[in-house]
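# Reading the structure
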Amino acid sequence: RTARPAAMASSDPSKAQEKAQEIMAEYERKKSEVRQYMLKIGELDSDRNEHSLVINTIKDLDPSRRCFRLIGGILVERTIKEVLPAVQKNLDGIDKMVKQLSTILKEKQKDLDEYTEKYDIKPARQMQQAQSAGSDSKSASKSGVLA
């Protein structure tokens, strides 16, 4: 026997809604991932600026002069000669990490953009702008998934 068309029609809206929810959940996951990479890069940029400031401050000082460095929450007394190479090494590591994360971020952003285009997802702000623009407001509200 074949299924009745009425029964199939009643299950389609719930499947469509379920599919839309899955699409939105994946979109939000991807958007959150991009945001996390951006935050991490911002945090590392701040660390990079601090390291550069320290290097620029102590590089011209007497290498035998004592200075203090915070290592794992413990303040340690060292000489500039000992500290400067370590801070420079940390700065180089931060630079390398920022470059790696930036590359990953570009890939994730591209993936998010492709996903957004594939499912015609429009952020709420963009939908409101389209509606307030006037002529295309009816077509804009009917197409796409609102994020």
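Residues numbered from 1 in each chain as written. Predicted model: local features only at pLDDT ≥ 70, side-chain atom pairs only at ≥ 80, totals over all residues. Heavy atoms only, no water.

## Remarks on a nonpolar patch on the surface
Note the threshold: Residues enter patches when their relative accessible area tops 30% and they take part in no salt bridge; the joining distance is 9 Å for like charges and 5 Å for the nonpolar side chains Val, Leu, Ile, Met, Phe, Trp and Tyr. Where accessible areas are quoted, they stem from the Shrake-Rupley method and a 1.4 Å probe; at the residue level, only the protein chains shown are allowed to cover. Salt bridges are defined as contacts in which a side-chain nitrogen from Lys or Arg sits within 4 Å of a carboxyl oxygen from Asp or Glu. Helix and strand definitions follow DSSP, with helices as H or I runs of at least four residues and strands as E runs of at least two, each counted in order from the N terminus.
A surface patch of nonpolar side chains, amounting to about 350 Å² of accessible area, comprises Phe 68, Leu 70 and Leu 75. With respect to the secondary-structure elements, Phe 68 resides in strand β1 (residues 66-71).

## Here we look at the packing of aromatic side chains
Going by this rule: Only the six-membered ring of Trp is used, alongside the rings of Phe and Tyr, when aromatic pairs are assigned; centres must lie within 6.5 Å, and planes under 30 degrees apart are stacked while those over 60 apart are edge-to-face, with the rest tilted. The classification of residues rests on relative accessible area computed with a 1.4 Å probe and restricted to protein chains. Under 20% of the type maximum is buried, over 50% is exposed, and intermediate values are partly exposed. Only Lys NZ and Arg CZ are tested; either one counts as a charge over a ring when it is within 6 Å of the ring centre and within 35 degrees of the ring normal.
Within this structure, the stated rule accounts for one aromatic pair. Taking the centre distance of 4.8 Å and the plane angle of 55° together, the rings of Tyr 115 and Tyr 119 count as tilted. Of the residues examined, Tyr 115 reaches a relative accessible area of 13% and is grouped as buried. One cation-aromatic arrangement involves Lys 30 over Tyr 115; the distance from NZ or CZ to the ring centre is 5.3 Å.

## Topic: the confidence of the model for the chain
Going by this rule: Every residue gets a pLDDT, meaning the predictor's confidence in that residue, from 0 to 100. Only heavy atoms matter for contacts: two residues are in contact if any of them lie within 4.5 Å across the pair.
Model confidence for the chain is summarised by a mean pLDDT of 87, while 83% of its residues fall at 70 or above. For residues 1-10, every residue scores under 50 in pLDDT, and the model assigns this stretch one contact once sequence neighbours within four places are set aside.

## A word on the pairing of β1
Rules: Two strands qualify as a pair provided DSSP detects at least 2 bridges between them.
Here six bridges tie β1 to strand β2 (residues 74-79), and the two strands are oriented antiparallel to one another. Residue Phe 68 lies in a different strand from β2, and its bridge partner there is Glu 77. Counted along the chain from β1 to the antiparallel partner β2, the turn is two residues long, and its residue Gly 72 has a positive phi close to 60°.

## A closer look at the side chain of Lys 122
For clarity, the threshold we go by: Each polar contact in these results corresponds to two N or O atoms within 3.5 Å; when the atoms are within protein, one needs to be able to donate a hydrogen and the other to accept it, and residues that are neighboring in sequence are counted only if both atoms are side-chain atoms.
Considering the arrangement of structural elements, one finds Lys 122 in strand β3 (residues 121-122). Relative accessible area serves as the criterion here: at 17%, Lys 122 is assigned to the buried category. Among the polar contacts listed, one links the side chain of Lys 122 to the side chain of Asp 120, at a separation of 2.6 Å.

## Comments concerning the nonpolar core
Considering soluble globular proteins, one finds that nonpolar side chains tend to be buried as a cluster. The condition is simple: Nonpolar cores were defined as sets of buried Ala, Val, Leu, Ile, Met, Phe, Trp, Tyr and Cys residues, with membership established by side-chain atoms within 4.5 Å.
Within the largest apolar cluster, 13 residues are counted, with the highest numbers of intra-cluster contacts made by Tyr 27, Ile 41, Leu 44, Val 98, Tyr 115 and Ile 121. Of all elements in the fold, only α1 (5-58) and α2 (80-118) reach the threshold of two or more residues within this core. In this structure, Tyr 115 is in contact with Glu 22, Ile 23, Glu 26, Tyr 27, Lys 30 and Ile 121, ignoring residues within four places of it in sequence. By size, the runner-up hydrophobic cluster in this structure holds seven residues, among which are Ile 55, Ile 58, Val 83 and Leu 91.

## Quick notes on the pattern of salt bridges
Note on pairing: side chains with opposite charge can pair once their charged atoms come close. Under the counting rule described, the total for this entry stands at 11 salt bridges. A salt bridge links Arg 29 to Glu 26; its shortest N-O distance comes to 2.6 Å. With Arg 29 and Glu 26 both in helix α1, this residue pair falls three residues apart, about one helical turn. Here Arg 29 falls in the partly exposed class, since its relative accessible area comes to 41%. Given the relative accessible area of 24%, Glu 26 is considered partly exposed. Each of the salt bridges in this network shares a partner with another, and the network as a whole consists of Glu 26, Arg 29, Lys 30, Glu 33, Lys 108 and Asp 111.

## Thoughts on the side chain of Lys 30
Its location among the elements puts Lys 30 in helix α1. Note on Lys 30: relative accessible area 10%, which makes it buried. Dropping the residues within four chain positions of it, Lys 30 is found in contact with Asp 111, Leu 112 and Tyr 115.

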